[in-house]
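Observations on chain architecture
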Amino acid sequence: MSAPSMSAPPSATGPLRPYGLRCDHRVTPLGIDEPAPLLSWRLASDHRGDDPTAHRVRLARHPGELAPGGRPLWDSGELTDPGATGVPYTGPALEPRTRYHWQVTVASARDQEPAPAASWFETGLTVGPGGQDASGEGPRAAWITHAPGRIDVMDAPTEGASALNHHGLAPCPQLRRAFDAPPAPVVRARLYASARGLYEIRLNGTRVGDAELAPGWTDYHRRIQYQTYDVTELLRTGENVLAATLADGWWSGFVGFEPRRAGAHYGTEPHLFAELHLLDGEGRTTRILTDDSWRTRTGVIRHADLLMGECHDLRHHTDGWELPGHDDRDWSPARVTGTDHRLLVAAPDEPVRATAELAPRTVTRLRDGVHLVDFGQNLAGRVRLRVHALPAGARVTLRHAEALDEDGALYTANLRTAAATDLLIGDGRPDHVFEPRFTYHGFRYAEVTGLPELAATDIAAVALHSDTPWTGSFDCSDPGLRRLHSCITWGQRSNFVSVPTDCPQRDERLGWLADAQVFLPTAALNADVAAFFTKWLRDVDDARTPDGGFTNVAPRLAGVADEGAPGWGDAGVLIPWHLYRTYDDPRFLARALPGMRAWVSLVQLHNPDLVWRHRVGPHFSDWLAPGTPTPRDVVATAYFAHSAHLTARAAEVLGHHDPARDHHKLAAAVRDTFTDRFVTYTPADGAGTEPDGRADGAAEEPTGSLRIEGDTQTGYLLALAFGLLPEEWREAAARRLAHLVEAAGPGLVTGFLGVALAAPVLDAYGRADLAHALLRRTEAPSWLFPLRHGATTIWERWDGWHPDTGFRAAAMNSFNHYALGSIGEWLYRGVAGLDQSPGSTGYRHLLVRPAPGGLAHAGARYESVRGTVAVHWERTGRTLALRVQVPPGATAEIHVPTTDPGSVRESGGIPADGAHLTRAGTAPGHAVYRVASGVYRFTAAYVPHEEDMT
Ligand code: BGC
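Conventions we followed
Residues numbered from 1 in each chain as written. Predicted model: local features only at pLDDT ≥ 70, side-chain atom pairs only at ≥ 80, totals over all residues. Heavy atoms only, no water. Helix = DSSP H or I, 4+ residues; strand = E, 2+ residues; numbered from the N terminus. Rg over C-alpha atoms; globule rule 2.2 N^0.38 Å. Buried < 20%, exposed > 50% of the residue type's maximum accessible area, 1.4 Å probe, protein only. Areas by Shrake-Rupley, 256 points an atom, 1.4 Å probe, with all protein chains shown as cover. Near = heavy atom within 4 Å. Nonpolar A, V, L, I, M, F, W, Y, C, P; charged D, E, K, R; others polar. Phe/Tyr/Trp six-rings, centres within 6.5 Å; stacked < 30°, edge-to-face > 60°. pLDDT = per-residue confidence, 0-100. Contact = heavy atoms within 4.5 Å. Pairing = 2+ DSSP bridges. Bend = angle between axes of the 7 residues up to and from the residue. Polar contact = N/O pair within 3.5 Å; in protein donor to acceptor, adjacent residues only side chain to side chain. Core = buried A, V, L, I, M, F, W, Y, C linked by side-chain atoms within 4.5 Å. Disulfide = S-S within 2.5 Å. Axes fitted to C-alpha atoms, helices over the stretch in contact; angles between N-to-C directions. Parallel < 35°, antiparallel > 145°, perpendicular 65-115°, else oblique. Left-handed = near helix turned anticlockwise from the far one by under 90°. Salt bridge = Lys/Arg side-chain N within 4 Å of Asp/Glu carboxyl O.

**Quick notes on the overall build of the protein**
- Each helix and strand in the protein was counted, giving 15 helices and 49 strands.
- Relative to the globule expectation of 30 Å for 950 residues, the C-alpha radius of gyration of the protein, 29 Å, shows essentially globular dimensions.
- With the C-alpha coordinates aligned to their principal axes, the bounding extent of the protein is approximately 95 × 75 × 60 Å.
- Relative to its 950 residues, the protein shows a buried fraction of 62%.
- Total accessible area on the protein is roughly 33700 Å²; 50% of this is exposed by carbon and sulfur atoms.

**Some points on the site of the ligand**
- Around the ligand, the structure places Asp-502, Arg-506, Glu-508, Trp-512, Asp-515, Trp-568, Phe-620, Trp-623, Phe-752, Glu-796 and His-817.
- Here the ligand loses 96% of its free accessible area of 310 Å² to cover by the protein chains.
- For the shell around the ligand, the per-class residue count stands at five nonpolar, one polar and five charged.

**A word on the packing of aromatic side chains**
- The final tally for this structure, using the stated rule, is 34 aromatic pairs.
- Note on Phe-496 and Phe-532: the rings are 4.5 Å apart at their centroids and 10° apart in plane angle, and the pair reads as stacked. Of this pair, Phe-496 sits in strand β34 (residues 496-497) while Phe-532 sits in helix α5 (residues 530-542), placing them 36 residues apart in sequence. Here the two residues Phe-496 and Phe-532 agree in accessibility, since each one is buried.
- Aromatic side chains Phe-532 and Phe-533 sit 5.3 Å apart centroid to centroid with 85° between the ring planes, which places their arrangement in the edge-to-face category. An identical accessibility class is assigned to Phe-532 and Phe-533; each is buried.

**Here's the deal with unusual backbone geometry**
- Here the bond from Ala-214 into Pro-215 is cis, since omega is 10°, no more than 30 degrees from zero.
- Its location among the elements puts Pro-215 in the loop between β12 (206-207) and β13 (224-230).
- That bond from Ala-780 to Pro-781 is cis: its omega, -5°, falls within 30 degrees of zero.
- Its location among the elements puts Pro-781 in the loop between α13 (768-776) and α14 (784-788).
- Here the phi dihedral of Arg-97 falls at roughly 55°; this positive angle occurs in a residue that is not glycine.
- One can find Arg-97 in the loop between β5 (86-88) and β6 (99-108).
- Classification of Arg-97 as buried rests on a relative accessible area of 16%.

**Some remarks on the confidence of the model for the protein**
- This prediction gives the protein a mean pLDDT of 92; 93% of its residues lie at or above 70.
- Note on residues 154-166: pLDDT is under 50 here. Beyond four places in sequence and across chains, it has 26 contacts.

**Things to note about the sheet that holds strand β9 (residues 173-180)**
- Spatial strand order, β12-β11-β14-β9-β17-β20: six strands in an open sheet with antiparallel pairing. Looking at the sheet topology across the chains shown, the edges are occupied by β12 and β20 (332-333).
- Across four bridges, the pairing between β9 and strand β17 (residues 295-298) is antiparallel. Paired with Leu-175 across the bridge in β17 is Thr-296.

**Digging into helix α12 (residues 752-764)**
- Along its length, α12 reaches its greatest deviation from straightness, about 40°, at Ala-758, and the proline Pro-760 lies no more than four positions downstream.
- Burial of α12 is extensive: twelve of the 13 residues sit out of reach of the surface.
- When α12 is considered as a whole, its buried residues turn out to be Phe-752, Leu-753, Gly-754, Val-755, Ala-756, Leu-757, Ala-758, Ala-759, Pro-760, Val-761, Leu-762 and Asp-763.
- Next to the buried residues of α12 lie α4 (513-526), α8 (632-653), α10 (713-721), α11 (727-743), α13 and α15 (824-832).
- Positive phi shows up at Gly-766, right after α12, with a value of about 80°.

**Quick notes on the environment of Glu-563**
- With respect to the secondary-structure elements, Glu-563 resides in the loop between α5 and α6 (571-583).
- Overall, Glu-563 belongs to the partly exposed group, its relative accessible area being 32%.
- Put simply, Glu-563 and Arg-661 are 98 residues apart on the chain and 27 Å apart in space, counted from C-alpha to C-alpha.
- In this structure, Glu-563 is in contact with Phe-550, Asn-552, Arg-615, Val-616, Gly-617 and Pro-618, ignoring residues within four places of it in sequence.
- Polar side-chain contacts of Glu-563 include one of 3.1 Å to the backbone nitrogen of Gly-617.

**Focus: the nonpolar core**
- Residues Val-529, Phe-533 and Leu-706 are the most contacted members of the largest nonpolar core, which totals 184 residues.
- Contact partners of Phe-533, with chain neighbours within four places excluded, come to Phe-496, Pro-500, Ala-516, Leu-520, Ile-575 and Leu-579.
- Listed in part, the 27 residues of the second largest apolar core include Ala-195, Val-208, Val-231 and Trp-294.

**A few points about the state of the cysteines**
- Taken as a whole, this structure holds zero disulfides when the rule is applied.
- No disulfide involves Cys-503; its sulfur sits 17 Å from that of Cys-487, the nearest cysteine.

**A short note on the packing of α12 against α15**
- Contact geometry of α12 with α15 gives a least axis separation of 8 Å together with a crossing angle of 15°. Classified by the angle between their axes, α12 and α15 sit roughly parallel to one another. The way α12 lies across α15 gives a crossing that is right-handed. Contacts between α12 and α15 involve Ala-756, Ala-759, Pro-760 and Asp-763 from the former and Glu-825, Trp-826 and Gly-830 from the latter.
- Here the contact of α12 with α15 is composed, by residue class, of four nonpolar, one polar and two charged.

**With respect to the pattern of salt bridges**
- Considering all chains together, one arrives at 61 salt bridges under this definition.
- Between Arg-788 and Glu-779 there is a salt bridge, and its shortest N-O distance comes to 3.1 Å.
- Through salt bridges with shared partners, a single network forms among Arg-207, Glu-212, Glu-357, Arg-382, Arg-384 and Glu-435.

**Brief notes about the sheet that holds strand β41 (residues 845-848)**
- Spatial strand order, β40-β41-β45-β48-β47: five strands in an open sheet with mixed pairing. A strand with exactly one partner marks an edge of an open sheet, and here the two such strands are β40 (834-836) and β47 (917-923). On average, each strand axis in the sheet is tilted by 25° relative to the strand beside it, whichever way the strands run.
- In this sheet, strand β48 (residues 926-931) lies alongside strand β45 (residues 891-897) in antiparallel orientation, the contact comprising six bridges. Within β48, the position partnered with Pro-897 by the bridge is His-926.

**Remarks on α15**
- For α15, a buried count of eight out of nine residues is recorded, marking the element as mostly surrounded by other parts of the structure.
- Burial in α15 covers these residues: Gly-824, Glu-825, Trp-826, Leu-827, Tyr-828, Gly-830, Val-831 and Ala-832.
- Trailing α15 by a residue or two, Gly-833 shows a phi angle of about 95°, which is positive.

**Remarks on the environment of Thr-898**
- Relative to the elements of secondary structure, Thr-898 occurs in the loop between β45 and β46 (905-906).
- Exposure remark for Thr-898: the relative accessible area of 4% places this residue in the buried category.
- Separated by 43 residues in the primary sequence, Thr-898 and Ala-941 place their C-alpha atoms 5.5 Å from one another.
- A polar atom in the side chain of Thr-898 sits 2.6 Å from the backbone oxygen of Ala-941.

Following this line, the structure appears as structure tokens:
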């Protein structure tokens, strides 16, 4: 399977030029309903120091108005913040359902003609909150569903899913509406569509768009997304037909481990909303709306459920039902169930799409009529199967699993009640391609029952996920680390499915906040997740408890405690902060600040002594840590201090000075409480008393010695990563951490919360060698242990399967959980050395500090909001060559790894202070330079430590 392809800058060479124009973090989006969308761009140039000095954005309804001398609707004027990556639109109110063209021109420090680039976006059904536009016109279509009494409920044809047998599953309604095209030619046709449930729409038989599982999962009682499609090309003269199929999806299907199918989760049956707007050349709009003129019946899909699977019975197929000319007189009229549009919002994210297709690695005949297919990759998606002749009533059953048991059969115990079974029932006609449309499974293996023969060319796995554009790539000389990176990336693909889920296979698939929080820094390097998290942060906000607190999962799920646990609820603070830093968009903070403040105040309210002990929800602590548990109060209080600190920083960025001051004060007080209660520090010149629990008998170190209650790796990691200790204590804490890591193998005994911090903290305190040692470790717990045993994605547990003990308890043993894959961040930041400095946002100030370890080469490339950042280094003999690409508008501090700072050369010459480069001294093992934008090529003498060598 090839690596996902990245959105790349234009390959043409030349001076400063904008590219990659986006509106609200998306390329030419349809359906923007933000009144002040962010218009942003990236920059490229082939010259050093070719930085922007000013930019100007203009917006118009017609491209011609952007030409010189034209009169645009909005002109930002010359904006002289050279560091800007975008500007929010601040012109006259945007009209709904309108295309706007915009252009950015960027002036360069090199005194050349400003370079323009243009793009467009289109507004949605409405603009602004409230579902109404200025003309008082809001959506008009009704919510419609199938006629009462038309749906038979059938028992699912699966084994092992008891909930199913009690509640049954219903056939998917089909709805159709024939209409005549308006007499004057249509110049623009847009379809705005949504469902309570899932929808797929065809216009004259052709599928509209390529969104899967639309409209996506939200708390439908608070917010329902619609998608916008350009259907101009699908329209024909004369009779046209809109045809929709609905499925239960998250709305009325099985969700998570909540077994309420009878009452369903949000509703009992799916509903459709659609508005087709046809604009003719004379400026008239004709609307085709969902209403009681639609006709409905059931068809081929006898049931479809996200967890249980999908059944197609071809005997129920009617040729041409979605085409003009079909006689639908025996269909029933659709039932109107409401006209309330207040919850409708334009989807701010890219939809789930089918993004890859995998051929089988092997197809094995297990016994008569039963084949086992190995796709060689664990993924989320579905199987596409071609059957050549399936007799009427004959069944083909597809079951899915991530692993095989000792007998080589599917291992499905870890799916819990998710039946993950698809079924095809034949109609005797030849040649049919079966592909479920409203379900997905987490699997590597499929078992196909009911076909005498199965050719490898007749079956494929289709990967589905939210289509976040790929922005990052990582490469290095170690095949193990390359595979690790691939596992991490596939974990991301499999678990970004409308919401960031914990896992794609069992009856869970929930938006757990901590999982997302620890993985976000990795995810945001691999892909542009700005739009995806814009959407999910709304879910996080919608889920907040009546007292303002963040929850553990979003959207909420009955059966999961709402009260956010330490590290889980805190994601509501950490995630917007990280998104702001990554995407240079303060709106992430502006939208989140009320929730952040409420969260921190709530913890404070319930814990006036500032040790976070009360209102801890289910307190998962350092979830799934294999070693001695970190004391809960240590974990919680560390997060309390960190959240208070980030809330203060967020308020500061937004210019809210009073709250910033209050939260800084609170953060300082919680840090003091943390050190008072949990930390013992003995200075080097102290009275000689060793801190409690010192068992190693090591001689006292010059910087003193320090213990954090519990003396666990995670305790030190939290304290160091969150800056909880006074400056002069940190070295001692880092030394203790290093000791614990060494004593464990070297090894890591952290759970979800500690793991993300381990390598970055060790590296920051000069122990990149230990971080590398952790990466090289092959025994559990380690990243390479699962890889040795065939993993193609990151496991939920360090030892989900062990040769001595087999599978861990099936009740909780996913083989596709991304949380422990949070090491991916350090592959980019540490191993390759591609990072931004702590105070930087939007990669304005890069920090390039590779940690070569014993590797021969490594590199990373990242499409930042500013432009391409790339770092690549390679060792040949005793020389290390380092290439760094800094985008226009950025600067970089480059730490060239070297054992002889005097040996460093840049582009062949001795680096001397000049317009684009200055020397900034040395750091242990590095020579440090500050550079302007451009490409730099360093070489330096480099002899690695013996123990680093692999
Ligand atoms: C999920 C986790 C989640 C956890 C809470 C599990 O069932 O799979 O990833 O964070 O519960 O502790």
